[in-house]
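Descriptive analysis of the structure
Read off the chains here:
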Number of protein chains: 2
Amino acid sequence: MNSRSFFTRPLYLQLRDALASRVASGQWKPGLAIPNESDLAREFGVSAGTTRKALDLMEAERLVTRRQGRGTFVNDQTANDLAFRFCNIRTLDGRRVPGQFMEVRIAEAQANEAECGRLSLGENDRVHRIHRLRMDGVRPLIVEEVSLPAALFPNLSDKITHIVALAHQHGIILGRAEERIWTGVAAPTVAKRLSIPSNSPILRLDRVTHALDGRRVEWRIGHCYLGDEYMYLTEIK
Amino acid sequence: MNSRSFFTRPLYLQLRDALASRVASGQWKPGLAIPNESDLAREFGVSAGTTRKALDLMEAERLVTRRQGRGTFVNDQTANDLAFRFCNIRTLDGRRVPGQFMEVRIAEAQANEAECGRLSLGENDRVHRIHRLRMDGVRPLIVEEVSLPAALFPNLSDKITHIVALAHQHGIILGRAEERIWTGVAAPTVAKRLSIPSNSPILRLDRVTHALDGRRVEWRIGHCYLGDEYMYLTEIK
DNA sequence: AAGTGGTCTAGACCACGCA
DNA sequence: GCGTGGTCTAGACCACTTG
């Protein structure tokens, strides 16, 4: 009956993309319910089972939350839970650190070799570079150097620099990140900004964040002094 | 038609448990194919769709690998890929470190307060304590202190101490782990065993491994010197 | 050609949340 | 009582692998 041509992707993936773009574009607002399964199935001309498979996938990708008896709701990507999910620094009791930014500087430049490698850019591509200090209240937490592909973030405001807010603004849905960790000691300039003695032991964090579609969206180097108030917490599956 | 009583779990979960126990018990051997969907459906008196849902779940839990046109195969939990999936230390090019153990010491004792907390044990429960040195060839990598609930691992051999092999031997299927990381400097005793100068910057790794059913199976403290040959790599989803 | 898992459909009933 | 998502069924066809 169904005349899927030779190289089409499965219907449920196409449907996922269609629904995801409604979320990314803001057509469906965070916090609000989307149409129920059977209405969506009717609208797109697929079966309820296919719709369900697409929605279950979107829930796994943290785009929506489904609740039996209530409905399917668009997640607010800028809510604290989701916004800081790529930052594994926690207080000792396991709570995430919301974090504010200080001493923000932004520049645009041609991508250097390291940036081309980490962000899969070409020699002639440009990047936004952001230097900033991440605070937990009055406690300096991480000295960060961020690189963003300029092509993905046109008209970068100098007010908002947090990757989750930026991605949301530009219709990009974040997927996963990988972080490499080394130990090190604080160089004088870093130590000064973190308000710690030079040569204190610190973590060097090297993180690349990917969009749901695989595009590389952010490269961040972080210098972090944990002290005995914070830890780095990661789950291994 | 179906007379599920009030508090039964969904069929596909019951089926998953039944199939998982065949894997855990060794009734189905690693590397070999298991019966196809329709045969399993017939055997357990459920529909093919329910069987599929159970098998898809088991694939997500790394119990089996499914391949279109070939069949469904039992994973070898002791193969390097799976065996070292809870150790995030990698060489700089991203390869996992298989790792052998040296200087192994085992003792049994009553669980102390920390062990009770981390492993959810009662005051009177007992633990196996293992001290050992994890090597990468001739390079000392991690000084490890491991605690295992004695109740889960009766007749612990002093030959095999690796959690994946142990779990496999005792019919336990591992699920996830969470690791807490701090920076530190090497105390003299640790430095000596790692062949590094005292006060070298090291990672302190505190990991709890859970079985698929949620039971806490291992608590490990690791002292690791990364140097410039290794990194800690983690994926954030 | 035969057998496997992957996709898709259509419809039933159940558990949950709310008014 | 009604509407939602969650489970379960039965069956069709497709894509891939192997003989």
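Residues numbered from 1 in each chain as written. Chains lettered and ligands numbered in written order. Predicted model: local features only at pLDDT ≥ 70, side-chain atom pairs only at ≥ 80, totals over all residues. Heavy atoms only, no water.

1. Considerations on the domain arrangement of chain A
Residue and element names in this part refer to chain A. We apply this condition: Boundaries between domains were set according to an automatic or database domain assignment. Two residues form a contact once any of their heavy atoms are found within 4.5 Å. Once two parts are joined, some of their accessible surface, as seen by a 1.4 Å probe, is lost; buried area is that loss totalled over both. The rule for a salt bridge is simple: a side-chain nitrogen of Lys or Arg has to be within 4 Å of a carboxyl oxygen of Asp or Glu. Counting of polar contacts relies on pairs of N or O atoms within 3.5 Å, with two restrictions inside protein: one atom must be capable of donating a hydrogen and the other of accepting it, and residues adjacent in sequence are counted only when both atoms are side-chain atoms. Three categories are distinguished: nonpolar for Ala, Val, Leu, Ile, Met, Phe, Trp, Tyr, Cys and Pro, charged for Asp, Glu, Lys and Arg, and polar for the others, with Gly belonging to the last.
Each domain of chain A was delimited in the assignment, giving domain 1 (3-74) and domain 2 (80-232). Contacts between the two partners involve 6 residues from domain 1, matched on the other side by 6 residues from domain 2. Contact between domain 1 and domain 2 buries roughly 540 Å² in total, counting both sides, with carbon and sulfur atoms accounting for 70%. Of all residues in domain 1, Ala24, Glu61 and Arg62 give up the largest surface area on contact with domain 2, accounting jointly for 72% of the area buried on that side. There are 0 salt bridges connecting domain 1 and domain 2. Taken together, domain 1 and domain 2 are joined by 0 residue pairs in polar contact (both at pLDDT 80 or more). A class-by-class count of the residues in the side of domain 1 that touches domain 2 yields 4 nonpolar, no polar and 2 charged.

2. As for the pattern of salt bridges
All names here are of chain A. Rules: In DSSP terms, a helix is any run of H or I states spanning at least four residues, a strand is any run of E spanning at least two, and both are numbered starting from the N terminus. Burial status follows relative accessibility: with a 1.4 Å probe on protein chains alone, a residue under 20% of its type maximum counts as buried, one over 50% as exposed, and anything between as partly exposed.
The final tally for this structure, using the stated rule, is 46 salt bridges over all chains. One salt bridge connects Glu144 with Arg220, and the closest N-O pair in it is separated by 2.9 Å. Here Glu144, found in strand 6 (residues 139-149), pairs with Arg220, found in strand 9 (residues 216-224); they are 76 residues apart in sequence, far enough to count as distant. The same class applies to Glu144 and to Arg220, which are both buried. Close ionic contact of Arg176 with Glu178 constitutes a salt bridge, the shortest N to O distance being 3.8 Å. Classification of Arg176 by relative accessible area gives partly exposed; the value is 26%. By sharing partners, the salt bridges in this structure join Arg132, Arg134, Glu144, Glu179 and Arg220 into a single network.

3. Focus: the protein's contact with DNA strand D
The condition that has to hold: Proximity is defined per residue: if any heavy atom of the residue lies within 4 Å of a molecule or strand, that residue is considered near it.
By nearness alone, 21 residues border DNA strand D, and Asn36 and Gln68 of chain A together with Leu11, Thr50 and Arg70 of chain B come closest of all. With respect to DNA strand D, the backbone of Glu37 of chain A contributes an N or O atom lying 3.2 Å from a phosphate oxygen. Within the side chain of Gln68 of chain B, one N or O atom sits 2.8 Å away from a sugar or linking oxygen of DNA strand D. Elements represented by at least two residues in the surface near DNA strand D include exactly strand 1 (64-67) and strand 2 (71-74) of chain A together with helix 1 (11-24) and helix 3 (48-60) of chain B. Classifying every residue of the surface near DNA strand D gives 4 nonpolar, 9 polar and 8 charged.

4. Observations regarding the relation of the copies chain A and chain B
Both copies of the chain are related by a screw-like operation: a rotation about an axis and a shift along it. Note the following rule: Here the copies are superposed with least squares, the fitted atoms being C-alpha atoms of residues at a pLDDT of at least 70 in both.
For the pair chain A and chain B, the relating rotation is 180°, the translation along its axis is 0.0 Å, and the fit reaches an RMSD of 0.1 Å. In short, the pair behaves as if placed about a two-fold rotation axis. Comparing interface residues between copies, 100% of those in chain A also lie at the interface in chain B; the contact surface is shared.

5. Digging into the protein's contact with DNA strand C
Close contacts around DNA strand C come from 21 residues, with Leu11, Ser47 and Thr50 of chain A together with Asn36 and Gln68 of chain B the closest. Of what DNA strand C places within 4 Å of the protein, 81% of the atoms are sugar or phosphate. In the environment of DNA strand C, a phosphate oxygen lies 2.3 Å from a nitrogen or oxygen atom belonging to the backbone of Leu11 of chain A. Measuring from a phosphate oxygen of DNA strand C, one finds a backbone N or O atom of Glu37 of chain B at 3.2 Å. Breaking the surface near DNA strand C down by element, the ones donating at least two residues are helix 1 (11-24) and helix 3 (48-60) of chain A together with strand 2 (64-67) and strand 3 (71-74) of chain B.

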